[in-house]
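Coordinates in review
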Amino acid sequence: MTLRLVVAENPEELAACASDRIMDAVAGRMAPVLGVATGSSPLGIYAELARRVTFGSNPLARASIFALDEYVGFSADDSRSYAAFVRERVVRPLGIDPARVFVPNGAAVDADAEAARFEAQLISSGGVDVQVVGIGSNGHLGFNEPDSPLNSGTRVVTLSASTRSDNVRYFDAIESVPTQAITQGLATIGRARAIILVAQGEHKARALAAALFGPVSPECPASVLQLHADVTVVIDGPAAQHLPTVWS
Ligand code: PGA
């Protein structure tokens, strides 16, 4: 693994470092492919990218966008869907053509077939140049929950109780949080040419230490990143607190 670790002093530095890495990864690409995570962790990065493309040239205007995951049962026009998040937080602010935005269809009648279709679409795009990922407090990557096979492709998964409770903040009650999702698999994510892992807060510290320095094992799905050749980890101090001192 080539691991670059940045422990940022503040949210602005974190967003700037991650944005630099994204811009480096797409530099010179005629048709870059950007993989985006949803959730709170990357919001500052997307805002920083939007600020940059407003004031300069926009290499991301030619990009295709692939999402990591989507809740089963939600269509793209549901405001709680990840398709809506990608549209509002990434596609509009960065001026990307909606025809080049790919999110699994959570409302597909056959979710398994939809997962297979999405995986094929990703492969035929030529693959992701740079993938932004967060990490769950339980070590999940995308919605690959603990015990996900390291060689998994895009598929339908059942969300763990801890993930549903972490995400209840976006819903009115725990019963409203979906129980299933379509997620890129761990092998799918691992095919991205570069990966940026972003995390903030002490509630991510244990999972990060396990992911980066524990055994590579389905128990901590994000540990699969140790097998990747190009990972940049951009985190804040509280998230770094359980990393070996030589790193933090
Ligand atoms: P968060 O989610 O960015 O909202 O903390 C990350 C994740 O669950 O992967």
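Anything mentioned here points back to the structure above.
Counting restarts for each chain, with residues numbered from 1 along the sequence as it is written. Where totals are concerned, whole chains, interfaces and linings use all residues; where local detail is concerned, this predicted model gives features only for residues with pLDDT of at least 70, and gives and counts side-chain atom pairs only at 80 or more. Values reported for side chains reflect all heavy atoms of the structure, with hydrogen atoms and water molecules removed beforehand.

Here a salt bridge means any side-chain nitrogen of Lys or Arg lying within 4 Å of a carboxyl oxygen belonging to Asp or Glu. Applying the stated rule across the entire model yields twelve salt bridges. A salt bridge links aspartate 230 to arginine 21, with the nearest nitrogen and oxygen atoms 2.9 Å apart. Separated by 209 residues along the polypeptide, aspartate 230 in the loop between α7 (205–213) and β10 (231–236) and arginine 21 in helix α1 (residues 11–26) bring together distant segments of the chain. Judged by relative accessible area, which is 15%, arginine 21 ranks as buried. Residues aspartate 78 and arginine 80 are paired through a salt bridge, measuring 3.0 Å at the closest nitrogen-oxygen approach. Connected via shared salt-bridge partners are Asp20, Glu48, Arg51 and Arg52. Going along the chain from the N terminus, every DSSP run of H or I of four or more residues is numbered as a helix, and every run of E of two or more is numbered as a strand. Exposure categories follow from relative accessible area, calculated using a 1.4 Å probe and restricted to protein chains: below 20% of the type maximum is buried, above 50% is exposed, and the middle band is partly exposed.

Consider each residue's heavy atoms; a residue with any of them within 4 Å of a molecule or strand counts as near. Close to the ligand lie Gly39, Ser40, Ser41, Gly134, Ile135, Gly136, His140, Arg169, Tyr170 and Lys204. A distance of 2.5 Å separates an oxygen atom of the ligand from a polar side-chain atom of serine 41. Side-chain atoms alone can form a polar contact between residues adjacent in sequence; in general such a contact is a pair of N or O atoms within 3.5 Å, and within protein one must be able to donate a hydrogen while the other accepts it. Between the ligand and the protein, one listed contact pairs an oxygen atom with a side-chain N or O atom of histidine 140 at 2.7 Å. Burial of the ligand by the protein chains amounts to 84% of its free accessible area of 280 Å². For this classification, the nonpolar set comprises Ala, Val, Leu, Ile, Met, Phe, Trp, Tyr, Cys and Pro, the charged set comprises Asp, Glu, Lys and Arg, and every other residue, Gly included, is treated as polar. A per-class count over the shell around the ligand returns two nonpolar, six polar and two charged. In this description, accessible areas are obtained by the Shrake-Rupley approach with a 1.4 Å probe, and a residue is regarded as covered only by the protein chains that are shown.

On to the pairing of strand β8 (residues 180–183), then. Strands are labelled as partners when DSSP assigns at least two bridges between them. In terms of strand pairing, strand β4 (residues 69–71) meets β8 through three bridges, oriented antiparallel. Bridging across to β8, glutamate 70 finds its partner in isoleucine 182. The pairing of strand β7 (residues 155–158) with β8 spans four bridges and is classified as antiparallel. Across the sheet, the residue bridging to threonine 158 is glutamine 180, located in β8.

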